[in-house]
Amino acid sequence: MAEDKAAKKPYYITTAIAYTSGKPHIGNLYEIVLADAIARFMRFSGYDVYFQTGTDEHGQKIQDKAEAAGMAPQRFVDEISAEIKRNWDIMNISYDKFVRTTDPDHMAKIQKIFKKYYEQGDIYKGMYEGWYCKPDESFFTESQLVDGKCPDCGREVEYAKEEAYFFRLSKYAGALEEYIESHPDFIQPESRKNEMLNNFIKPGLKDLCVSRTSFSWGIPVDFDPGHVVYVWIDALANYITFPGYNPGGANDEFFEKFWPADVHLVGKDIIRFHTIYWPIMLMALGLPLPKKVFGHPWLLVGDGKMSKSKGNVIYADDLVESFGLDAVRYYCLKEMPFAQDGSLTYDLLIERINGELVNILGNLVNRTMAMTRQYFDGVIPESCCDEDIDGELKAMTIELHETLPEKMAALKISDSMQSILNVLRRANKYVDETTPWVLAKDPAQKSRLGGVLYNLLEVVRICGCYLKCFLPDTGDKIIAMLSTTHTDWEDCAVFGKLESGNTLGETQKLFERIDPAKKQKEIADYLANKQKTTAEAANVIPSAIPETAKAETVKAETALETAKAEITAEDFAKIEIKVGKIISCEKHPNAEKLLVFKVDTGEKVRTIVSGIAKYFDPATLAGKQVCVLANLKSAKLRGVESEGMLLLAEEGDKLSFVAPEQAMAPGSIVK
Ligand code: MSP
């Protein structure tokens, strides 16, 4: 957009930060895709967006999992956090910052925040006696348990009796109740607001236990060794520490600009933490409260929760592998209701791909492009001959510019996609009504034929621009096929901005029709094969891990997939690393996150595709020395064959090319 970024209104959106206890499943990813669509839409419609997500890395559950995997907790969370980030990247998530609660700066701020609460009398020391649910990292009294189990997740709880610090929630309960009542939008959907008020706040808030002594994997309370800060205090504060809240000092300008957050997007299971503990933590710091907490419903498999014990967990990377990225994003965004849980099955997914993505979107785009090629040699015709029949289609298309912002601001993502789909459906009907193939038979109707196709192409342009927020790759393909530069927010307010006379770009396939029986078989084979590979990988767990831990590790397949076993010198000898010189680097034509390199490795110039677009400006890389994994099996990445891998060192959000310390000829062997 042309206007100055500084003049744009800020918009801060967060997701819950995921526990680094295991590989995330499609349910976890649903939330992130939802946040991504909102962030992209807000950017598109003119906001300066800050989108923060990341991982929650402390707590008893994670310490136990790391022990079971025979790994130091830090290494365990490093690997799982990287796996989680990889999954976010697979889903094409446009986060601005991926945070980790083991970040030293965050940890130091939490210590200061904890001390401040203590010094101002919000926290006091006492004795905790009660029940603890490890998977939820939650405390319960005897009377809150349901059949002796966790009232939230139904799992076993453990008895805990230990010295602990407590937060005086009761001191702020009145102010919180008043805030919730006077800000009807604060807790969404409405049903969750009533639940919080009636079940928790009005009956009276008990003081919250905010430190633990029975394990050590947490942020130490610096003035009382042996205590670690309760993981929810550590986790919730991520929303302020990372954008630049500085306890006891001046806050970063960035923080002052973006806080309070516009929306915290979280699952319904953790809304209590976000609408009771979190606002009180903020009140005690004298900070304004977030504008909205949206407790989204859950994605179920069939009608049940996903769980490893039921064996029904669906992972995002598997789904993307089988169905393609945008089909999976579409399902998460379009099929999930606003307030009730949604359901995912392969059958439903296939039905939506065939029924909506192929029949409605793909069909309209294909036939419109094909007719433009057939009747006008692929040159976009002139707009012409305004007829009554055109009116409804044009009005519906233009109306999106008014209705989408309202719907998206209310977080009605599925409704927003439905209204785009309605326009596409209407356009398909318009094709049947105007019968371009009949017009094409009559040379006198050439201008009208051009006008009809122009209208259709214009619907495709405007819908394609909006679709970029939800299905970014598909939107990009549509825009590339139209060879248009009119893709800004304001360009979507006007019907008629498509450039007549431009030649259409190359045809690109959007979605393939799926044969349900064939696909089901393909998935079964894929999963069986994956299971086999996983079982084989289990055999290479280092023998230093005791048998019991080995079994546990095989179950917690996250650790299994990320833990690296020792290798021998012979294993290393199989790897061929060569010094290379970057000849050129460009953005990948079909994927925002990828760069395409030409690298001279002595024997030839290779094409190498690397997912590092976010970190480097391609214009600055030519001439650089690099190290290349040269005997990696080549693979097609979004249509471009990649012949090797560039080696990079990673530290948090920082990436650096690995290269010899002095100039070496391309092709020199690294050993
Ligand atoms: N670490 C805490 C959040 C701290 S935020 C300060 C946590 N982590 S989690 O990994 O268990 O969950 C991350 C998010 O995924 C939560 O918002 C949770 O509700 C969501 N989901 C987990 N399973 C889900 C589905 N099946 N469907 C939709 N969302 C789900 O809680």
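Residues numbered from 1 in each chain as written. Predicted model: local features only at pLDDT ≥ 70, side-chain atom pairs only at ≥ 80, totals over all residues. Heavy atoms only, no water.

Caption draft 1: Structural detail: the state of the cysteines. Summed over the entire model, instances satisfying the criterion amount to one disulfide. Covalently, Cys384 is tied to Cys385 through a disulfide, its sulfur atoms 2.0 Å apart. In this structure, the disulfide formed by Cys384 and Cys385 twists by about 45 degrees around the S-S bond and is classed as right-handed. By relative accessible area, Cys384 is classed as partly exposed at 22%. In this structure Cys463 is a free cysteine whose sulfur lies 8.9 Å from that of Cys492, the closest cysteine sulfur available. For Cys463, a relative accessible area of 1% corresponds to the buried category. Not engaged in a disulfide, the cysteine Cys465 finds its nearest cysteine sulfur in Cys492; these two sulfurs lie 3.9 Å apart. (Disulfide = S-S within 2.5 Å. Buried < 20%, exposed > 50% of the residue type's maximum accessible area, 1.4 Å probe, protein only.)

Caption draft 2: How the structure looks around the site of the ligand. The immediate surroundings of the ligand are formed by 23 residues, with Ile17, Glu31, Asp56, Gly267 and Asp269 found nearest. Between the ligand and the protein, one listed contact pairs an oxygen atom with a side-chain N or O atom of Glu31 at 2.5 Å. For the ligand, the accessible surface in isolation is 670 Å², of which the surrounding protein chains cover 93%. Only strand S2 (18-19), helix H1 (26-44), helix H7 (231-236) and strand S12 (263-267) provide two or more residues apiece to the shell around the ligand. A per-element tally of the shell around the ligand places H1 first, with four residues. Here the shell around the ligand is built from residues that sort into 14 nonpolar, six polar and three charged. (Near = heavy atom within 4 Å. Polar contact = N/O pair within 3.5 Å; in protein donor to acceptor, adjacent residues only side chain to side chain. Areas by Shrake-Rupley, 256 points an atom, 1.4 Å probe, with all protein chains shown as cover. Helix = DSSP H or I, 4+ residues; strand = E, 2+ residues; numbered from the N terminus. Nonpolar A, V, L, I, M, F, W, Y, C, P; charged D, E, K, R; others polar.)

Caption draft 3: Representation of a negative patch on the surface in the model. Together, Asp105, Asp252, Glu253 and Glu256 give the surface a local cluster of negative charge. Within the secondary structure, Glu253 is located in helix H9 (residues 253-258). The exposure class of Glu253 is exposed, given its relative accessible area of 73%. (Patch = residues over 30% accessible without salt bridge, like charges linked within 9 Å, V, L, I, M, F, W, Y side chains within 5 Å. Salt bridge = Lys/Arg side-chain N within 4 Å of Asp/Glu carboxyl O. Lys, Arg positive; Asp, Glu negative; His and termini not counted. Charge placed at Lys NZ, Arg CZ, Asp CG, Glu CD.)

Caption draft 4: Seen up close, the nonpolar core. Within the largest apolar cluster, 173 residues are counted, with the highest numbers of intra-cluster contacts made by Ile26, Phe167, Tyr230, Ile240, Trp259, Phe323 and Phe470. Every residue in contact with Ile26, bar those within four places of it in the chain, is listed here: Leu299, Met306, Ile314, Tyr315, Ala316, Leu319, Val328, Cys332 and Leu344. Core analysis: the next-biggest nonpolar cluster, separate from the first, contains 15 residues, Ile582, Phe597, Val599 and Leu655 among them. (Core = buried A, V, L, I, M, F, W, Y, C linked by side-chain atoms within 4.5 Å. Contact = heavy atoms within 4.5 Å.)

Caption draft 5: Inspection of the packing of helix H15 (residues 413-434) against helix H17 (residues 446-470) at higher detail. Running from amino to carboxyl end, H15 crosses H17 at an angle of 165 degrees, the nearest separation of the two axes being 11 Å. Looking at the two axes, H15 sits roughly antiparallel to H17. In terms of crossing hand, the pair formed by H15 and H17 is left-handed. Together, Ile413, Ser416, Met417, Ile420, Val423, Leu424, Ala427, Tyr430, Val431 and Thr434 of H15 and Arg448, Val452, Asn455, Leu456, Val459, Cys463, Tyr466, Leu467 and Phe470 of H17 make up the contact between the two elements. (Axes fitted to C-alpha atoms, helices over the stretch in contact; angles between N-to-C directions. Parallel < 35°, antiparallel > 145°, perpendicular 65-115°, else oblique. Left-handed = near helix turned anticlockwise from the far one by under 90°.)

Caption draft 6: Fine view of the packing of aromatic side chains. Counted under the stated rule, the structure contains 35 aromatic pairs. Each ring, one from Tyr118 and one from Phe223, has its centre 4.8 Å from the other, and the planes form 25 degrees; the classification is stacked. Of this pair, Tyr118 sits in helix H4 (residues 104-119) while Phe223 sits in the loop between strand S10 (211-212) and strand S11 (228-229), placing them 105 residues apart in sequence. Note on Tyr118: relative accessible area 36%, which makes it partly exposed. Directly above the aromatic system of Tyr19 lies the positively charged group of Lys61, at a separation of 3.6 Å from the ring centroid. Of note, Arg212 hangs over the ring of Tyr132, and the distance from its end group to the ring centre comes to 4.0 Å. (Phe/Tyr/Trp six-rings, centres within 6.5 Å; stacked < 30°, edge-to-face > 60°. Lys NZ or Arg CZ within 6 Å of the ring centre and 35° of its normal.)

Caption draft 7: Seen up close, the sheet that holds strand S9 (residues 208-209). Taken in spatial order, the four strands make up an open sheet running S6-S5-S7-S9, and their pairing is antiparallel. Sheet topology places strand S6 (138-140) and S9 at the edges, where each strand pairs with a single neighbour. (Pairing = 2+ DSSP bridges.)

Caption draft 8: Representation of the confidence of the model for the protein chain. Scored by pLDDT, the protein chain comes out at a mean of 90, with 93% of its residues at no less than 70. Here residues 537-563 is a poorly scored stretch, pLDDT under 50, and it has 39 contacts once near neighbours within four places are set aside; other chains count. (pLDDT = per-residue confidence, 0-100.)

Caption draft 9: Local environment of H17. A rise of 1.5 Å per residue sets the reference length of H17, with its 25 residues, at 36 Å; its end C-alpha atoms lie 36 Å apart and thus fit the reference within 8%. Maximum bend of H17: about 25 degrees, positioned at Gly464. Within H17, 22 of the 25 residues are buried, which leaves it mostly tucked inside the rest of the structure. (Expected span 1.5 Å × (residues − 1). Bend = angle between axes of the 7 residues up to and from the residue.)

Caption draft 10: Representation of the environment of Phe215. With respect to the element layout, Phe215 can be found in the loop between S10 and S11. Once the C-alpha coordinates of Phe215 and Pro279 are considered, the two residues, 64 residues apart in sequence, prove to be 27 Å apart. Not counting the four nearest positions on each side in its chain, Phe215 is found in contact with Gly59, Gln60, Gln63 and Val228.

Caption draft 11: Examining the pattern of salt bridges more closely. Scanning the model with the defined rule gives 43 salt bridges in all. Where Arg448 meets Asp390, a salt bridge forms, and the shortest distance between an N and an O atom there is 3.0 Å. On the criterion of sequence distance, the pair formed by Arg448 in helix H17 and Asp390 in helix H14 (residues 388-409) is long-range, its members being 58 residues apart. Given the relative accessible area of 1%, Asp390 is considered buried. For the salt bridge of Glu643 with Lys604, the shortest nitrogen-to-oxygen distance reads 3.3 Å.

Caption draft 12: Broad picture of the side chain of Ser94. Position of Ser94 relative to the elements: it lies in the loop between helix H3 (73-90) and strand S4 (97-100). A polar contact is formed between the side chain of Ser94 and the side chain of Asp36, at a distance of 2.6 Å. Excluding anything up to four places from it in sequence, Ser94 contacts Asp36, Arg40, Arg43 and Phe51.

Caption draft 13: Just unusual backbone geometry, in detail. With an omega of -10 degrees, the peptide bond running from Gln188 to Pro189 counts as cis. Checked against the element boundaries, Pro189 lands in the loop between strand S8 (187-188) and helix H6 (190-201). Look at the link from Trp259 to Pro260: it is a cis peptide, with omega at 5 degrees. Here Pro260 is to be found in the loop between H9 and S12. Despite not being glycine, Asn92 shows a phi value in the positive range, around 60 degrees.

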